[in-house]
Amino acid sequence: MTKREILADGVLLLTALIWGSAFAVVKNTLDSFPPASIIAMRYTIAAAITGIVFRRRLKGLTRGDVMRGALVGLLLCTAYIVQTIGLQYTSAGKNAFLTTVYVLLVPFGCCVLFRQRLHKANFIAAALMLLGIGLLSLDGESGGLNAGDVLTLICGAFFAAHIIAVERCQRKTNAYALIVLQFAFSAVFAFLYALIFERDIPLQFNMGSVGGLLYLAVFSTTIAMSLQNIGQSMAPASHAAILLSLESVFGVLFSCLLLGEKLTAKMVLGFAVIFAALVVNEVKPHTNDR
């Protein structure tokens, strides 16, 4: 391996590690703040940081740029709110693994919307994903597939839509400006949701909850997304996707270490099958098809 490849792998693995740790942090932070309030405060901080860092990229924004930022911000906000609500009713480990269904849904979404060709690997991965989810749902010791798990799968669909939208919007809007815009709009939409549905829920500010928010905003959002962009600029997309999907593995690891969550043999098998689906979905023959 070249130094560039080693650096790329290290950056992408660090990104996955930070993202994986966030599941346990969010789980703990939910004891002090309701879901939308967490998203609102998290992205307000992230928007402020990236707005300062990328302020030169924000010059000359058009109405179209703002509209595209609003679209990806709405999708991102919806995905995180649904995911965070789901985390209230399921374990951080299951939430981490089930969220990665977005890796599988992206190619199917592109096929439906833009007629991009699907490979046999996509269908094999889909079958493996269903098997893995089935193993989790049939695991009576872990409570089976509950409402939180279903919400997590739905959030995976919104993350897939967000990824597709970002890829399309970046063709017309500067990538760095789009990052700031989507963070800002995510915060706005989350605040609106919180005002409507969470206005009577008290917020508990303490050292632990504030520390959790800062970790999510600074590390999991601002730094991790920047590292993701750097890593993907040095590695093929398929290789990067596999390494980034390791956030699910780190998510389970941190949920066990920090939250004391227990794993059953059937859950471990289910996680293994889901991860195999992610790998199969990304390791496919290179073609010139568009």
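Residues numbered from 1 in each chain as written. Predicted model: local features only at pLDDT ≥ 70, side-chain atom pairs only at ≥ 80, totals over all residues. Heavy atoms only, no water.

K.L.:
In this structure, what is going on with the packing of helix 1 (residues 3-29) against helix 3 (residues 63-87)? I would like to understand it.
P.N.:
What describes two packed helices is the angle between their axes and the distance between those same axes. Between helix 1 and helix 3, whose axes approach to 10 Å, the crossing angle comes to 70 degrees. Viewed along their axes, helix 1 and helix 3 adopt a mutual orientation that is roughly perpendicular. Pair helix 1 / helix 3 crosses with right-handed handedness. Contacts between helix 1 and helix 3 involve F23, V26 and K27 from the first element and Q83, T84 and L87 from the second. Residues belonging to the contact of helix 1 with helix 3 are distributed by class as follows: three nonpolar, two polar and one charged. (Axes fitted to C-alpha atoms, helices over the stretch in contact; angles between N-to-C directions. Helix = DSSP H or I, 4+ residues; strand = E, 2+ residues; numbered from the N terminus. Parallel < 35°, antiparallel > 145°, perpendicular 65-115°, else oblique. Left-handed = near helix turned anticlockwise from the far one by under 90°. Contact = heavy atoms within 4.5 Å. Nonpolar A, V, L, I, M, F, W, Y, C, P; charged D, E, K, R; others polar.)

K.L.:
When you look at the nonpolar core in this model, what are you seeing that I'm missing?
P.N.:
The tendency in soluble globular proteins is for nonpolar side chains to be buried side by side. Formed by 54 residues in total, the largest nonpolar core has its most connected members in Y43, M129, F159, F183 and I274. Listed in part, the 13 residues of the second largest apolar core include V25, I38, M41 and L213. (Core = buried A, V, L, I, M, F, W, Y, C linked by side-chain atoms within 4.5 Å. Buried < 20%, exposed > 50% of the residue type's maximum accessible area, 1.4 Å probe, protein only.)

K.L.:
Explanation requested: helix 1 in the structure shown.
P.N.:
Two residues of an α-helix separated by three or four positions point the same way, owing to the 3.6 residues in each turn. A rise of 1.5 Å per residue sets the reference length of helix 1, with its 27 residues, at 39 Å; its end C-alpha atoms lie 38 Å apart and thus fit the reference within 8%. A maximum bend of about 25 degrees is found in helix 1 at F23. (Expected span 1.5 Å × (residues − 1). Bend = angle between axes of the 7 residues up to and from the residue.)

K.L.:
What exactly am I supposed to notice about a nonpolar patch on the surface here?
P.N.:
Taken together, V188, L192, L195, I196 and F197 make up a surface patch of nonpolar side chains, about 520 Å² in accessible area. Here L195 is to be found in helix 8 (residues 175-197). What makes L195 exposed here is its relative accessible area of 56%. (Patch = residues over 30% accessible without salt bridge, like charges linked within 9 Å, V, L, I, M, F, W, Y side chains within 5 Å. Areas by Shrake-Rupley, 256 points an atom, 1.4 Å probe, with all protein chains shown as cover. Salt bridge = Lys/Arg side-chain N within 4 Å of Asp/Glu carboxyl O.)

Geometry only, nothing functional implied.
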